[in-house]
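So you can see what is in the structure, the chains are spelled out below.
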Amino acid sequence: MIERHDFADSEHLAVALAEAVAADLSNAIRERGHASLAVSGGSTPKRFFAALAVQPLPWDRISGTLVDERWVPVTDPRSNAALVEEHLLQGPAAKARFLSLYTGHQTPDEGLQSAEARLGDMPLPLDVVVLGMGNDGHTASFFPGGDNLKSALSDESGLVAAMRAPGAGEPRMTLTRRVLLQAGALYLHIEGAEKSAVLEQAMAPGAVEDMPVRAMLHQDRRDIAIYFAP
């Protein structure tokens, strides 16, 4: 089932999404003593990160990672890990344990085993996943034309997959669809009129390869909550 939540602006969306994610994390901690979270990079989630960072959570009981990462070190301005450090892992939230998908290997293919081992140290399945979406209909690093797209979307996949695609820029490392769909709570965070039009197109029937976000929208295993602001 798809739930859609529309907001007047990005600020209201950020607060509402942060409160929803914090409630999910709190419930997981209450039930199991710990919680796990995977977030997306890019410019869209900055306000959400800032709103989540000030939520009254026992951050030392939370492990976090990224849905996907560009294959660059944290010192690179395009690093998603750097974005998370700057906007989310601040104040009390700095006590959270963050596990980077970037391993320092020359290629993501060479880093697959190390990344899998890191994620094996996290409480799985993930309690919360917050996805984004690109103007080309990608989510995570499930890009149209991705060299490992079929494998990353397969139910037989591992935890992570390396990905190269014409629209991806750098090579990437991404959590697989199997891992994302096992999450306790799944969110899709979208902002802007252009992405609204892309979402409308993705909601219609069509090839997953053309708009891979369909792999998350057109499935019956996990509810997904869409948070949108113009």
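Residues numbered from 1 in each chain as written. Predicted model: local features only at pLDDT ≥ 70, side-chain atom pairs only at ≥ 80, totals over all residues. Heavy atoms only, no water.

Trainee: Break down helix H7 (residues 193–203) for me, citing the residues and quoting the values.
Mentor: Those residues of H7 not exposed but buried are Lys195, Val198, Leu199 and Ala202. Looking down the long axis of H7, one finds its buried residues gathered within 100° of arc, a one-sided arrangement. Exposed and oriented more than 90 degrees from the buried face of H7 are Ala193 and Glu200. Contact partners of the buried residues in H7: strand E1 (2–6), strand E9 (185–191), helix H8 (214–217) and strand E10 (224–229). (Buried < 20%, exposed > 50% of the residue type's maximum accessible area, 1.4 Å probe, protein only. Helix = DSSP H or I, 4+ residues; strand = E, 2+ residues; numbered from the N terminus. Arc of directions from axis to C-beta. Contact = heavy atoms within 4.5 Å.)

Trainee: Give me the packing of helix H1 (residues 10–32) against helix H2 (residues 46–53): which residues, what numbers.
Mentor: Between H1 and H2, the least distance of the axes is 8 Å, while the angle of their chain directions is 45°. The angle between H1 and H2 places the two elements in the oblique class. The handedness of the crossing between H1 and H2 is right-handed. Between H1 and H2, the contacting residues are Ser10, Glu11, Ala14, Val15, Leu17, Ala18, Val21 and Ala22 on the first element and Arg47, Phe48, Ala51 and Leu52 on the second. Looking at the contact of H1 with H2 residue by residue, the class counts come to 9 nonpolar, 1 polar and 2 charged. (Axes fitted to C-alpha atoms, helices over the stretch in contact; angles between N-to-C directions. Parallel < 35°, antiparallel > 145°, perpendicular 65-115°, else oblique. Left-handed = near helix turned anticlockwise from the far one by under 90°. Nonpolar A, V, L, I, M, F, W, Y, C, P; charged D, E, K, R; others polar.)

Trainee: Run through helix H4 (residues 108–120), naming residues and quoting values.
Mentor: The first and last C-alpha atoms of H4 sit 17 Å apart over 13 residues, in line with the 18 Å expected at 1.5 Å per residue. The largest bend in H4 comes to about 30°, at Ser114. If you check which residues of H4 are buried, you get Pro108, Gly111, Ala115 and Leu119. On the buried face of H4, the contacting elements are strand E3 (62–66), strand E7 (160–163) and strand E8 (172–175). (Expected span 1.5 Å × (residues − 1). Bend = angle between axes of the 7 residues up to and from the residue.)

Trainee: Describe the sheet that holds strand E4 (residues 68–70), with residues and values.
Mentor: Ordered in space as E4-E8-E7, the 3 strands form an open sheet in which the pairing is antiparallel. The sheet is open, and its two borders are formed by E4 and E7, each paired with just one other strand. Taken pair by pair, the neighbouring strands of this sheet meet at an average axis angle of 15°, ignoring direction. Pairing between E4 and E8: 3 bridges, direction antiparallel. Its bridge partner lying in E8, Arg70 is registered against Arg172. Strands E7 and E8 of the sheet are contacted by H4, whose axis makes an angle of about 160° with E7. (Pairing = 2+ DSSP bridges.)

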